[in-house]
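Coordinate inspection notes
Spelled out, the chains give:
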Amino acid sequence: MKKPAKLILFLVLFMSRQVQSENYAPLDTNDPIQYFGQYIVYHNDTIILGPKAFFIDGRFNSDEIADNPFVFNSINTAAQHLTNGSETDPMVLYIAPWVYWIDDPDDPEVRNPGDGSVPYGLVIECKWLSFYGLNRNPENVVLASNRGQTLGAKGNFTMFLIMGDGISSENITFGNYCNVDLDYPLNPELNRKKRSDAIVQAQLIHCNGDKITARNSRFISRLNLCNFVGAKRILFDRCHMECTDDALCGTGVYKNCTFDFYSSKPFYHTTGTGAVFLNCDIRSFTRGNQYFTKANGQVAVIDTRFHSSSVEYIGWRDFPPPSIKNYQSNVTLNGHPITISKDDPESTVDITDLPELKAYKFNYRGKVIYNTYNLLRGNDDWDPEGIKHLVLKAEETNHTKYTSLPVQLKITPTAVTIETGKDASVLKADLFRFGNYDASKETVNWKISDRDTIFIHTEILENGRICNVIPGNKSDSTQQVLLTASTSSGLEGACRLYIKPEKLSSPEFEALPEIKKNSNGTLSVKYRLEKMKYEDQSLVSWYRCTDANGSHPIETAVSRMNIPMQQYELSAGDIGYFIKVKVAPRHLRSDAGQPVSYVLRKPIRQKDVKSDPDELQTNFMNICVKNQPEVIPGFWRFAPFDTSATEHTKRDAWYVGEGSGGSEGMTGLLQTGRYASMSYTPVGPTFGDMRVELTVTPFKTAGQGFSVAPLYMDVLIKYNPKTKTGYGVRFIRKTRYANTVDAALIEYKDGSVTPITEAVPTSCFRPQCRITIELKGDQLSVHASCLNDYYKAGYPPIVKDHVDLNAIVSPTREGSFGIEYNGGATTMINEVKIDWMTSE
C-alpha cells in the first residue's frame, strides 16, 4: 500500500505544479519566479513553503490563497502568523515584486501614537526574521507608507517597529513616500505622488535587536529616515539611502553603500563606537557645508567618495568638540583628496599610515579586505559576511593581528572643571571594540602642550588607563587645557579641562553701597571694596519696591557677563517706586559675598526721568528675565506659555545666554523650553500709533523656523496681555515646503487667534531675521527680511524672500508688545525697539 500512496502523492504534486505554473505569471519576466502552491522556484532554487517560509505576492486575491496557510497577499497579514526563527533556521518572508502598503495611504484617519510617542504602521515581534525580495533589483519589491509628522499622523510616523535579534533584509526597498514620489516602472499603475512637498519627519524602521543585516536594500524618505535605528550591531551591504537630517542609524557599518544627502546633517548623533563607512559613495545636494552629525558622536570614513557640485566644505559637525575623535582614510570630494573638518584638526585622525587602519581594512594576496569580522564579531563571534577564515588566514600569513582590534579610545569624563588647591580629577581611558565591547588593555600615552604644563600635574597609573590630574593654576583666570590620550595603533581621546585658580575670600566693603541720583536721569550705585589687585565683578541687582523699607521688591535689572551694573537708567515705569539696589561683592578669584542692600528714601518722581517715554530699546543684557507673570505698567512680563501646565512653571521660561545652531556664538534672550510668553506694558492709560522692530535668530538655519509643523511664533502689537487681545504677525511652520515658514497677520481676541490675511510662504525666517510691525491709524503692516545672504534661487517663485503684509483693522488704545512662542527649537531674541508714536 505504501508504494501506490507515494505514487499518487507524486502525481498530485506533479499535476499541481503544472496547473500552478500555467496560472502564475511573474511580474518581472526578466527575473522570474515560479509558483507551485506548496513551493516556489527562484534562480533554480526550490523553496518549500511552510511555517517558517512564507510566500507573499500582492497580486493574489484572497480567494486564490484561502486554502494555503503559507501564502499571503500582504506583509501585514503574513506578520500575524510569524514564528520565531533561529540563526540556522530563520523565519523568511519571500516577497514577490509589488508595492506593499504597510499603512493604507487612502485612509483619511490620522494615525495617533497610542500609549507611546510614536505612531507605528506595523509592530512585529519575531527573532531571526528575514525580508527576502524575489528580485535582483530592490526597486521592484517595495514596502511602503506615506505618512509623517502632521501629514496623516500625530507624531513621527514610523512604518515598522521590529523587535528581535537577527532581523535581515535583502533585495527590498523600504520607502516612506510622504515627501518622495513613488515610481514603480514594473507597473506604473502603482505609482503614487508624494503626500506633500513639505519635508516632515517620515520614518521607516525602529528596531530593538542585535545581529541585523541589510543587503542590496534601499531606504527612501527624507527627514528622520530611520534605517533600522536602534540596532546594536548592523551591517548595511550594497544598500542605498536617501535622506535629509536626523536620519541614519548611528551604529551601522555601511559597506559598498550609496547615499543621497539632501541636507547637511544626516545623523542626529551616533552612539557609542559610532558609525563606519567602508568604500561608499555619497552624493550631496547640500549647499555650502556638509556635515555628518548634528549632536556629536564618532564616525569613521574609509575609502569613501563624496560627489557634489554645491558642497564647499565637509566636516564631522558644525562645531566639533575636541573630546570626540573621528577617523578617516582615503576620502575624496569630486576626485580630490580631502581632510574632513580641516578647520577643526583636533577632531580628525587620519589613520592611512597607522596600524589602526587594520581594524577597518587590510590587504591580503593583492586584494583589499574590509574587516567586517573585526568590527562585528562582538563577544559571540558574529561573522555576517563569512570571512572569519580569510581573516585568520591573513593573520597567519601576514604575521599581523586583524581581530579584536579596538576602534575607540574613550576618556571619561570628556570635560571637567577643577579648582586649584581644592579639587583633583581622575580621568579614565577605556578601549572599545566596535559595538561597545571592551577591548584588551593597551598602553595609553597622555599629552598636553608645553604651554599648559604649568597649569596641571598628572600622575599616570595602570599603563595609562588612569590619569590623576592635580590643578596648579597660579594665574588669575580660568585656563583651558586639552589633555589628549593615544595608543601606538593610532587611537586618540581627549578631555577638556577648565583649571580654575585657587578661590580667594570674597572682598569686604570699605564703603557700603548707596544710591546716587544723577541729573541725566540715571541712578548710580556707589560702594568701595577693600583694596585689591583684581577687577570688581560684583553682582549688582536693581529692584522696584513699594516703600522705603524695600517691601514687595520686583527685580528689574541685573549684572551679566561679569560686569557690575553700576548705573541704572530711570524710565516711566520707575515713577512712584522706591528703587533698591543689592550688591554682592565679588572679584575674579572669589565667589560672591554676602549682599548688602540700599533703598532710596523717596520714590522716583516724573521729573527724575529723562528717557523718552515713547521709546524703548533693549538687547536684554541687563533685563531680569526671571518668571514675573504679572501684567504691570512699566514692567516686562516673562512667563510660561501655558501657566496651567504646572510642569512648565517650575523653571524660568526665558534666560539670557549663549545660543546654538543658527545662534551659535551669539548671546541673547532664549526660551528654556518648547514655549514661552513675554510682554512689555508701557505706563499710561491709552496709546495711539505704535511700531516695533526686532531682530531674531532661529536655531533652525534652513528657513523652517521651528521644530515641526504647526509650531509658531507670534509677535504682537497694540496688545493687552491680560485679556490676550490685540494684533500681530504669526510665523508658523507648515507642511507646504520643508524650508519655509508661513507668515500671516493675526488678531488676538480673548485668547482666540484669527488670521486676517492670507498666509505667505517665506524663506526669510533664518539667521538673522529683522521684523518690523506697525499699526498706524487703522493700517496694520509687517515687513520681515533676512539680514544675511542665502541661496534664494532654490525656492519656487511663490516663496517670498521677504514679507510685506498689510490689513485694515479696528484701531485700539492698547499699547503692549508681546511674543507668544510655541516653536520647539529656540529662537534668540537679539534686540527689540518699541516706539509709541503718538502716545496720549
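The rules behind each value
- Residues numbered from 1 in each chain as written.
- Predicted model: local features only at pLDDT ≥ 70, side-chain atom pairs only at ≥ 80, totals over all residues.
- Heavy atoms only, no water.
- Helix = DSSP H or I, 4+ residues; strand = E, 2+ residues; numbered from the N terminus.
- Buried < 20%, exposed > 50% of the residue type's maximum accessible area, 1.4 Å probe, protein only.
- Contact = heavy atoms within 4.5 Å.
- Lys, Arg positive; Asp, Glu negative; His and termini not counted.
- Charge placed at Lys NZ, Arg CZ, Asp CG, Glu CD.
- Core = buried A, V, L, I, M, F, W, Y, C linked by side-chain atoms within 4.5 Å.
- Pairing = 2+ DSSP bridges.
- Axes fitted to C-alpha atoms, helices over the stretch in contact; angles between N-to-C directions.
- Disulfide = S-S within 2.5 Å.
- Polar contact = N/O pair within 3.5 Å; in protein donor to acceptor, adjacent residues only side chain to side chain.
- Phe/Tyr/Trp six-rings, centres within 6.5 Å; stacked < 30°, edge-to-face > 60°.
- Arc of directions from axis to C-beta.
- Salt bridge = Lys/Arg side-chain N within 4 Å of Asp/Glu carboxyl O.
- pLDDT = per-residue confidence, 0-100.

Considerations on the overall build of the protein
Within the protein, the secondary structure is distributed over four helices and 65 strands. When its C-alpha atoms are laid out on the principal axes, the protein stretches across 120 × 70 × 50 Å. Of all 840 residues assigned to the protein, the portion counted as buried reaches 56%. Intrachain contacts of the protein at a sequence separation of at least 6 include 63% that bridge at least 24 residues. Treating the 90 positive side-chain charges of the protein as one cloud and the 96 negative ones as another, the clouds have centres 3 Å apart.

Overview of the nonpolar core
Counting residues in each nonpolar core, the largest one holds 86 residues, and the members touching the most others are Phe 55, Phe 131, Leu 143, Phe 219, Phe 228, Tyr 254 and Phe 292. Looking at this core element by element, the count peaks at five residues for strand S6 (residues 91-95).

Digging into the sheet that holds strand S2 (residues 39-42)
Sheet strands line up and pair through hydrogen bonds in the backbone, either parallel or antiparallel. Across the sheet, which stays open at both edges, the three strands sit in the order S1-S2-S3 with antiparallel pairing between neighbours. Pairing within the sheet leaves two strands with one partner each, and these edge strands are strand S1 (33-35) and strand S3 (45-48). Across the sheet, the mean angle from the axis of one strand to that of its neighbour is 20°, orientation sign disregarded. The pairing of S2 with S3 spans four bridges and is classified as antiparallel. Of the residues in S3, the one forming a bridge with Val 41 is Thr 46.

Considering the pairing of strand S44 (residues 522-529)
The element S44 is largely enclosed, with a buried count of six among its eight residues. Relative to S44, strand S43 (residues 509-517) runs antiparallel, the two being bridged by six bridges. Paired with Glu 514 across the two strands is Lys 526, which belongs to S44. Linking two consecutive strands that pair antiparallel, namely S43 and S44, is a turn of four residues; a positive phi of about 85° is found at Gly 521 within it.

Regarding the state of the cysteines
Evaluated as defined, the whole model comprises zero disulfides. Summary of cysteine pairing: Cys 249 is not part of a disulfide, and the nearest cysteine sulfur, belonging to Cys 207, is at 6.6 Å. Summary of cysteine pairing: Cys 467 is not part of a disulfide, and the nearest cysteine sulfur, belonging to Cys 495, is at 8.9 Å. Residue class for Cys 467 comes out buried when judged on its relative accessible area of 0%.

So, the side chain of Arg 465
For Arg 465, the location among the structural elements is in the loop between strand S39 (456-461) and strand S40 (466-471). Engagement of the side chain of Arg 465 in a polar contact is seen with the side chain of Asp 430, the distance being 3.4 Å.

Focus on the sheet that holds strand S46 (residues 554-558)
Taken together, four strands build an open sheet; the order of strands is S46-S45-S48-S49 and the sheet is antiparallel. A strand with exactly one partner marks an edge of an open sheet, and here the two such strands are S46 and strand S49 (596-599). Ignoring which end each strand starts from, the neighbouring axes of this sheet average 25° apart. The sheet contact formed by strand S45 (residues 539-545) and S46 spans four bridges and is antiparallel. Looking at the pairing, Ser 541 lines up with Val 558 of S46.

With respect to the environment of His 399
Inspection of the secondary structure assignment puts His 399 in the loop between helix H4 (388-398) and strand S34 (408-412). For the pair His 399 and Asn 227, spaced 172 residues apart in the sequence, the C-alpha separation amounts to 38 Å.

What to know about the packing of aromatic side chains
A complete count under the given rule lists 42 aromatic pairs for this structure. Between Tyr 24 and Phe 60, the ring centres sit 5.9 Å apart and the planes meet at 40°, which makes this aromatic pair tilted. Placement of Tyr 24 in the loop between helix H1 (2-23) and S1 and of Phe 60 in the loop between strand S4 (53-56) and strand S5 (71-72) is noted, with a sequence separation of 36 residues between them. As far as burial versus exposure is concerned, Tyr 24 and Phe 60 are alike and both buried. Between Phe 620 and Trp 636 the ring centres are 5.3 Å apart and the planes differ by 65°, which places this aromatic pair in the edge-to-face class.

Comments concerning H4
The complete set of buried residues in H4 reads Val 391, Ala 394 and Glu 395. All buried residues of H4 project into a common sector of 105° when viewed along the axis, lining one side. For H4, exposure combined with an orientation more than 90 degrees from the buried face picks out His 389 and Glu 396. Buried residues along H4 sit against strand S32 (361-364) and helix H3 (372-376). In the stretch just after H4, His 399 is the one whose phi turns positive, near 55°.

Let's talk about the pattern of salt bridges
Under the defined criterion, the tally for this structure stands at 43 salt bridges. Between Asp 318 and Lys 265 there is a salt bridge, and its shortest N-O distance comes to 3.1 Å. Of this pair, Asp 318 sits in the loop between strand S28 (311-315) and strand S29 (326-333) while Lys 265 sits in the loop between strand S23 (258-261) and strand S24 (275-278); the two residues are 53 residues apart in sequence, bridging distant segments of the chain. Pair check on accessibility: Asp 318 and Lys 265 agree, each one buried. Note that Glu 555 and Lys 626 form a salt bridge whose closest N and O atoms lie 3.0 Å from each other. On the criterion of sequence distance, the pair formed by Glu 555 in strand S46 and Lys 626 in the loop between strand S50 (615-618) and strand S51 (635-639) is long-range, its members being 71 residues apart. Here Lys 626 falls in the partly exposed class, since its relative accessible area comes to 47%. Linked through salt bridges whose partners overlap, the residues forming this network are Glu 87, Asp 210, Lys 211, Arg 233 and Asp 380.

Focus: unusual backbone geometry
Pro 413 follows Thr 412 through a cis peptide bond whose omega is -5°. You can see Pro 413 is positioned in the loop between S34 and strand S35 (415-419). For the bond running from Ala 709 to Pro 710, omega is 5°, close enough to zero to count as cis. Here Pro 710 lies in the loop between strand S55 (690-698) and strand S56 (712-720). Positive phi, close to 60°, is recorded for Lys 211, a residue that is not glycine. The residue Lys 211 is located in the loop between strand S16 (202-209) and strand S17 (212-215) in this model. On the basis of relative accessible area, Lys 211 is assigned to the buried category, the value being 12%.

Description of the pairing of S6
With respect to burial, S6 is a largely interior element, five of its five residues being buried. Taking every second residue as pointing to the same face, both faces of S6 are buried, with Met 91, Leu 93 and Ile 95 on one and Val 92 and Tyr 94 on the other. In terms of strand pairing, S4 meets S6 through four bridges, oriented parallel. Counterpart to Phe 54 in the pairing with S6 is Leu 93. As paired elements, S6 and strand S9 (residues 129-133) share five bridges and run parallel to each other.

Focus: the confidence of the model for the protein
On average, residues of the protein score 94 in pLDDT, and 96% of them reach the 70 mark or higher. Contacts of residues 1-19 to residues separated by more than four positions or lying in other chains number five contacts, the stretch itself having pLDDT below 50.

Notes on the environment of Ser 263
Along the chain, Ser 263 turns up in the loop between S23 and S24. Given a relative accessible area of 18%, Ser 263 falls into the buried group. Placed 134 residues apart in sequence, Ser 263 and Leu 129 show a C-alpha to C-alpha distance of 33 Å. Discounting residues that sit within four places of it in the chain, Ser 263 has contacts with Cys 243, Thr 244, Asp 245, Thr 286 and Gln 290. Reaching out from Ser 263, the side chain makes a polar contact with the side chain of Asp 245 at a distance of 2.6 Å.

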